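Remarks on the overall topology
Chain by chain, the residues run as shown.
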Amino acid sequence: MTSELTIQQVAEATGLSVHALRYYEKVGLLAPIQRAANGHRRYSVEDVAWLEFLVRLRTTGMSIQQVLAFANLVRENPHDVQQRRLLLEAHRDKVKRNLEELAHHLHAIELKIAHYQELEAKGESDRNCIFKE
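Just so it is clear, the structure is predicted and the values come from calculations on it, not from any experiment.

Focus: the overall build of the protein
From N to C terminus, the protein includes six helices and two strands. Overall, the protein shows an N-to-C arrangement of helices and strands of α-α-β-β-α-α-α-α. The C-alpha atoms of the protein give 23 Å as radius of gyration, which overshoots the globular expectation for 133 residues (14 Å, by more than 25%). Each of the three principal axes of the protein carries a C-alpha extent, and together these read 75 × 35 × 25 Å. For the protein, with 133 residues in total, the buried portion stands at 24%. Expressed as a percentage of contacts within the protein between residues at least 6 apart in sequence, the contacts between residues at least 24 apart total 48%.

Below, the structure written as structure tokens:
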């Protein structure tokens, strides 16, 4: 990876659209991006690493407003990490609850799959299990 990347290269590297990258900069999720002499954005390796972390936060369900609050904490007081840690701990706890809920749902799906496999092996139908007559 070169030290300066175009917006298209960053879009490809992060999975974000060019529009999303411009939006992230506009709303303050990103610090203003350096510009080349022609005015085109030039992203640093640090910018990409920051974006990758933001994508992780968004992918795990953190709202744009919460991500923006986190970004503001980083910019406004880079030496005070406590508030950032607390925000991330709260998000981590939410993600853990979501994972537990998903694991519960996955277990129910796996039980249903096993049930269907048994029925298939026996050549039976579960119509009576679904529709009570």
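Considerations on helix α2 (residues 18–27)
Residues Val 18, Ala 20, Leu 21, Tyr 24 and Glu 25 constitute the buried set of α2. Taken around the axis of α2, the buried residues stretch over an arc of 165°, which confines them to a single face. For α2, the exposed residues lying more than 90 degrees away from the buried face are His 19 and Lys 26. Count one or two residues on from α2 and you reach Gly 28, which has phi positive near 100°.

Concerning the nonpolar core
General note: in soluble globular proteins, nonpolar side chains tend to be found buried as a group. Membership of the largest hydrophobic core comes to 22 residues, with the highest contact counts inside it found for Val 10, Leu 21, Tyr 24, Tyr 43 and Leu 51. Secondary-structure elements contributing two or more residues to this core are α1 (7–14), α2, α3 (45–59) and α4 (64–76).

Regarding the confidence of the model for the protein
Keep in mind that low pLDDT regions are not for reading the predicted coordinates in detail. On average, residues of the protein carry a pLDDT of 91, and 94% of them reach 70 or more. Per-element confidence in the protein ranges from a low mean pLDDT of 63 for helix α6 (residues 127–130) to a high of 96 for strand β2 (residues 41–42).

With respect to the environment of Gln 34
By the secondary structure assignment, Gln 34 is in strand β1 (residues 34–35). Apart from the residues lying within four places of it in its own chain, the contact partners of Gln 34 are His 40, Arg 41 and Arg 42.

The rules behind the values
Residues numbered from 1 in each chain as written. Predicted model: local features only at pLDDT ≥ 70, side-chain atom pairs only at ≥ 80, totals over all residues. Heavy atoms only, no water. Helix = DSSP H or I, 4+ residues; strand = E, 2+ residues; numbered from the N terminus. Rg over C-alpha atoms; globule rule 2.2 N^0.38 Å. Buried < 20%, exposed > 50% of the residue type's maximum accessible area, 1.4 Å probe, protein only. Contact = heavy atoms within 4.5 Å. Arc of directions from axis to C-beta. Core = buried A, V, L, I, M, F, W, Y, C linked by side-chain atoms within 4.5 Å. pLDDT = per-residue confidence, 0-100.

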